[in-house]
Amino acid sequence: MAVLIDYIWQSTFCLLFFFGVYSIFLRNEKAFIATRWFILLAPILALLFPLISIPVSFEKPGISLEQTEFFRALAIQSTPDNFVATFGLPEVTVQSSKLPLLWEIKDYLIFFYLTVTFLLSFRLFWNFVQLRMIWERGWYQTKFNLKHNYFLIPTFGLTPIFSFFNKLFWDDTQELKADEREQIIKHEIEHIRQGHSWDVIYYQILSLLFWFNPAIHLMRTALIDVHEYLADDNVIRKTKNSENYPKLIVKMAFKGIDLPIGNYFIRSTTLKRIMMMKNPKKINWLKTAMIVPLSLMLLALVSMKTERGKHLLPFSITENIEEIKKMLLISQDSLEVGIKVKKIKNPLHYEFISPRQNERLTAQIGELQYEFTGISSDEDYIKVRGLINNLRSTSKITKTYPNARLKHQVDSPAEPSIGMEEWNKSIIQKISVPKEELSLGLGGVIEIEFVVSKEGEIQNPIIKKSYGGGLDNQLLEVVRKESQNKWIAARSKENNVEMVMTASFAFYGSEMASTDSHRFFNPSPTPAFNSNFEITENTVFDVVEKAPEYEGGMQAWNEWIKSNIQYPKTAKQLGVEGTVYVVFVVNKDGTIEQPEILRGIGAGCDEEVLRLISEAPDWIPGQQGGQKVNVRMRLPVRFKLPSDQFVSESLIGESSENSTDNAKASDAFNQHMSKNLKYPAHAMTNGVFGTVFTRVNLDGNGKINSYAITKGISPELDDEVLRVLENAPNWTVDGKENSYIVNLPVTFRIGGRQNTLGQTLNMENEIVVVGYLAQDRSPFSKIKMYETEKNQVSEPLFVIDGVAYPELGRKLDDVINPDQIKTVDVLKGDDANRLFHLYGSRVGNGVILITTKK
């Protein structure tokens, strides 16, 4: 789209230039034949010049939009086919509603263009129909002139006199003298003899296709005038009494239907024709010949492409694309996000990392642009940023400024009028550092490059090293505003010169001690390319030259998935949402096999995705080196519930199979969980909290047969729950069933500061683990158990330093030394009920708050 708009602009400029040449050098000259051919060739040259590329080494101005922000913005949006590689299939979201297909701006523009073109085409078609009707009406009175080879067709006053190819349409209602009739016929015969109708049709077609170009309509009007000048000139030269000819033009008046495809005796402006006939000047051939050098000058302006250019141009160094692909494939083992890589032409910045928005992030590194999708957690975001750090060395560009000098090339460098230190302070004071990046430990350095002109103005600020998080745009905007404050220009040999400047700003959190952002992985060495590599029958490729494709494209594949997948009932009841990552192989015959869950969410979602992939139709196989090969594909499938279907106790209670009326956690189980369940230190330090939903399968005696995470938080917290459940004691069951299914939510909270992170759900069987950072730790276990009203006991609830001990009862001496107690508060009734949101229904029996000596 950007290239097309640039081409339209350049061709329009060229045609307007040619019209300007006509207006200045040809309009009032009697070189009619040369003018006619110039007008006919001008559109062809205007369309060809932008397509011609003549490389030159010297600096020159240009009219292309390539260096404008508008062009770059369009180019970024319109390069979907330049992808170097795609890792992971586009994510499919399973939900109950579908969004309507929305048109983009370019779709509306194309629709508007086609609509106008259709209307103009219909008008032209109707003109031909009218011409045919006039011809048929006067057919029986038509005469053929053998000498001049034309048909004389009467119009019965419907149209004025005009000619179209070899047909002369004559208004027989006009009262004309014999000599007037002869002069008019000679005029129209010149139109027929010189083939002016071909010119008219040629410009009618151009006006149809390029109706948006004003120069086309201006040139068409000029061509019609030249046609009349040519015919008039020949009539005057062949007529003895030529003085009456201008009077005849004035005498004739417009009458009837005006068809734009004909050559009319009275169509062109009467005054212009008479002034041209009365013009006694001879042809100024020197003035006319100016069209040649001016056309060559336009060719040089448009078609010559400087290798260095007046604007800054990048020189890029990019590693072997195959090596980058292998590097990204390694990352897929630890990072489950979609990655697309594409090349971009003439990137504005050295690198540029966009903010994370809607689980998406774009990073331009050199001439490569990476698009990351499916960044669903802070953990993924940290890994993506670490991957970007590792990719920084894969593609680098060097920008040159032909008229600017570097620091070592000047006698005195440029500097702000307020001093460099004060200028840096003013910049820092006006930007807001992204708090999210700092909180995640993603500190770093941002570097900007710009040119200080001879007048002390900042020009062309660009990002040399990106920080991301929206800070890049902030810094660019602030530096542009600071350009209003003059700099002291660089000096060389007592003259002001342009100079390239760089400025760096570091942003780190208090705990990071100036370290760079998290490293994502240390890529294992990639093997050298082996030209003798043999493709066997069972070889499975991860990256191929031509990827497998579903019949009808990815849109059809996504539609098939949405039409055939079902949201598992268990997942709905448990409120399980998330993304299932599945890997499968598309064989060389197009069949799908070996579906495996790379990362699941449980609650039946994993099984549903496996079922779906196993039943999927055949694909078009991938190819490597012209051969069909087996290719491994990755597909993310997101399960998403409506916003009002949030996990709650009442929602889970809707399913009879998940009801725990006949099963409850035993005292031994609760004590086991309280003693062994810990808050992983790394997760707590990084602020990871939330609820891990677990489904536990019991046999008829209450023994735990199996368990699974139905909705997790992070690998560390999920693994901790699974670790403790591995040797957990039996539950208490009524023995009426052969098996039981219970839900066990484990909530991890971070406390000990002004605000506690993580909310308890007050659900049946919920276990709450409260973690404290190093400066807030106490010697007691931080496990809270919540029970339903059916399982309540009559003992009050003991809370020691904010931590509940539901099973403590009268065994206080076993847990705490009385000498450690500082205060004891007993709460009953309304006072105790105020703590319901923290400790559940057990507060109904009263709460004993114990504060220990610190």
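Analysis parameters
- Residues numbered from 1 in each chain as written.
- Predicted model: local features only at pLDDT ≥ 70, side-chain atom pairs only at ≥ 80, totals over all residues.
- Heavy atoms only, no water.
- Helix = DSSP H or I, 4+ residues; strand = E, 2+ residues; numbered from the N terminus.
- Buried < 20%, exposed > 50% of the residue type's maximum accessible area, 1.4 Å probe, protein only.
- Contact = heavy atoms within 4.5 Å.
- Areas by Shrake-Rupley, 256 points an atom, 1.4 Å probe, with all protein chains shown as cover.
- Salt bridge = Lys/Arg side-chain N within 4 Å of Asp/Glu carboxyl O.
- Phe/Tyr/Trp six-rings, centres within 6.5 Å; stacked < 30°, edge-to-face > 60°.
- Lys NZ or Arg CZ within 6 Å of the ring centre and 35° of its normal.
- Expected span 1.5 Å × (residues − 1).
- Axes fitted to C-alpha atoms, helices over the stretch in contact; angles between N-to-C directions.
- Parallel < 35°, antiparallel > 145°, perpendicular 65-115°, else oblique.
- Left-handed = near helix turned anticlockwise from the far one by under 90°.
- Nonpolar A, V, L, I, M, F, W, Y, C, P; charged D, E, K, R; others polar.
- Core = buried A, V, L, I, M, F, W, Y, C linked by side-chain atoms within 4.5 Å.
- pLDDT = per-residue confidence, 0-100.
- Patch = residues over 30% accessible without salt bridge, like charges linked within 9 Å, V, L, I, M, F, W, Y side chains within 5 Å.

1. What to know about the overall build of the chain
Right, on to step 1. Scanning the chain for helices and strands turns up 25 helices and 38 strands.
Right, on to step 2. Out of the 854 residues belonging to the chain, those deemed buried represent 46%.
Right, on to step 3. Taking as baseline every contact in the chain between residues at least 6 positions apart, the subset at least 24 positions apart corresponds to 74%.
Right, on to step 4. Here the chain has roughly 44600 Å² of accessible surface; of this, 54% comes from carbon and sulfur atoms.

2. So, the environment of Thr400
Right, on to step 1. Mapped onto the secondary structure, Thr400 falls in strand E15 (residues 395–400).
Right, on to step 2. Separated by 100 residues in sequence, Thr400 and Val500 place their C-alpha atoms 9.5 Å apart.

3. Quick look at the pattern of salt bridges
Right, on to step 1. All chains considered together, the criterion is met by 17 salt bridges.
Right, on to step 2. In this structure, the salt-bridge partner of Arg237 is Asp233, at a minimum N-O distance of 3.2 Å. Here Arg237 pairs with Asp233, and both are found in helix H7 (residues 214–238), just four residues apart, close to one helical turn.
Right, on to step 3. Residue Arg723 pairs with Glu720 through a salt bridge whose shortest N-O separation is 2.7 Å. Taken together, the residues Arg723 and Glu720, both in helix H23 (residues 715–725) and three residues apart, mark about one turn of the helix.
Right, on to step 4. We classify Glu720 as buried; its relative accessible area is 10%.
Right, on to step 5. Linked through salt bridges whose partners overlap, the residues forming this network are Arg356, Asp378 and Glu436.

4. Quick notes on the packing of aromatic side chains
Right, on to step 1. Evaluated as defined, the whole model comprises 31 aromatic pairs.
Right, on to step 2. On the numbers, 5.4 Å between centres and 85° between planes, the contact of Tyr202 with Tyr203 is edge-to-face.
Right, on to step 3. We classify Tyr202 as partly exposed; its relative accessible area is 24%.
Right, on to step 4. The exposure class of Tyr203 is buried, given its relative accessible area of 0%.
Right, on to step 5. Grouped by ring-pair contacts, the aromatic residues Phe112, Tyr113, Phe210, Trp211 and Phe212 constitute a single cluster.
Right, on to step 6. One cation-aromatic arrangement involves Arg36 over Trp37; the distance from NZ or CZ to the ring centre is 5.9 Å.
Right, on to step 7. Lying over the aromatic face of Tyr350, Lys464 brings its terminal NZ or CZ to 5.6 Å of the ring centre.

5. Description of helix H5 (residues 178–193)
Right, on to step 1. Compared with the 22 Å implied by 1.5 Å per residue over 16 residues, the 22 Å span of H5 between its first and last C-alpha is a close match.
Right, on to step 2. Regarding H5, the residues found buried are Glu180, Gln183, Ile184, Ile185, His187, Glu188, Ile189, Glu190, His191 and Ile192.
Right, on to step 3. The positive-phi residue at the C-terminal boundary of H5 is Gly195, with phi of around 65°.

6. Some details on the packing of helix H1 (residues 2–26) against H7
Right, on to step 1. Put simply, H1 and H7 touch, their axes get as near as 9 Å, and they point 30° apart. Relative to H7, the element H1 is oriented roughly parallel. Considering only the axes of H1 and H7, their crossing is left-handed. Here H1 contributes Leu15, Leu16, Phe19 and Tyr22 to the contact with H7, which in turn contributes Ala215, Ile216, Leu218, Met219 and Ala222.
Right, on to step 2. Each residue belonging to the contact of H1 with H7 can be placed in one class, and the counts come to nine nonpolar, no polar and no charged.

7. Focus on the nonpolar core
Right, on to step 1. Ranked by internal contacts, the top residues of the largest apolar core, which has 32 residues, are Phe38 and Ile39.
Right, on to step 2. If sequence neighbours within four positions are ignored, Ile39 has contacts with Tyr22, Tyr203, Met219, Ala222, Leu223 and Val226.
Right, on to step 3. Of all hydrophobic cores here, the second largest spans 29 residues; its members include Tyr550, Val576, Val580 and Ala603.

8. A few points about the confidence of the model for the chain
Right, on to step 1. Of all residues in the chain, 74% attain a pLDDT of 70 or more, and the chain-wide mean is 76.
Right, on to step 2. Within the chain, the element-level pLDDT minimum falls on helix H20 (residues 649–652), averaging 30, and the maximum on strand E12 (residues 351–353), averaging 93.
Right, on to step 3. Here residues 79–85 is a poorly scored stretch, pLDDT under 50, and it has 19 contacts once near neighbours within four places are set aside; other chains count.
Right, on to step 4. Under a pLDDT of 50 for its full length, residues 308–316 has, in the predicted model, 29 contacts with residues more than four places off or in other chains.

9. Considerations on a nonpolar patch on the surface
Right, on to step 1. There is a patch of nonpolar side chains on the surface, built from Ile33, Trp37, Leu41, Ile44, Leu48, Leu51, Ile52 and Ile54 and spanning about 750 Å² of accessible area.
Right, on to step 2. With five residues, the single largest contributor to the nonpolar patch is helix H2 (residues 32–48).
Right, on to step 3. With respect to the secondary-structure elements, Leu41 resides in helix H2.

10. Observations regarding the packing of helix H17 (residues 553–564) against helix H19 (residues 605–614)
Packed helices, taken two at a time, are described by their axes: the angle between them and the distance between them.
Right, on to step 1. Relative to each other, H17 and H19 sit at 125°, their axes nearing to 11 Å. As the angle between them shows, H17 and H19 are arranged oblique. Considering the relative orientation of H17 and H19, their crossing is right-handed. Residues Trp557, Trp560, Ile561 and Asn564 of H17 pack against Glu608, Arg611, Leu612 and Ile613 of H19.
Right, on to step 2. Residues of the contact of H17 with H19, tallied by class, amount to five nonpolar, one polar and two charged.

11. Here's the deal with unusual backbone geometry
Right, on to step 1. Phi is positive for Asn149, which is not a glycine, with a value near 60°.
Right, on to step 2. Examined against the element boundaries, Asn149 turns out to sit in the loop between strand E4 (143–145) and strand E5 (150–154).
Right, on to step 3. One non-glycine residue, Phe156, adopts positive backbone phi at about 55°.

12. Structural notes on the environment of Lys853
Right, on to step 1. Take Lys853: it is sitting in the segment after strand E38 (847–852).
Right, on to step 2. Note on Lys853: relative accessible area 53%, which makes it exposed.
Right, on to step 3. Taking the C-alpha atoms as reference, Lys853 lies 6.0 Å from Ile821; in sequence the two are 32 residues apart.
Right, on to step 4. Excluding residues that lie within four positions of it along the chain, Lys853 makes contacts with Asp819, Gln820, Ile821 and Lys822.

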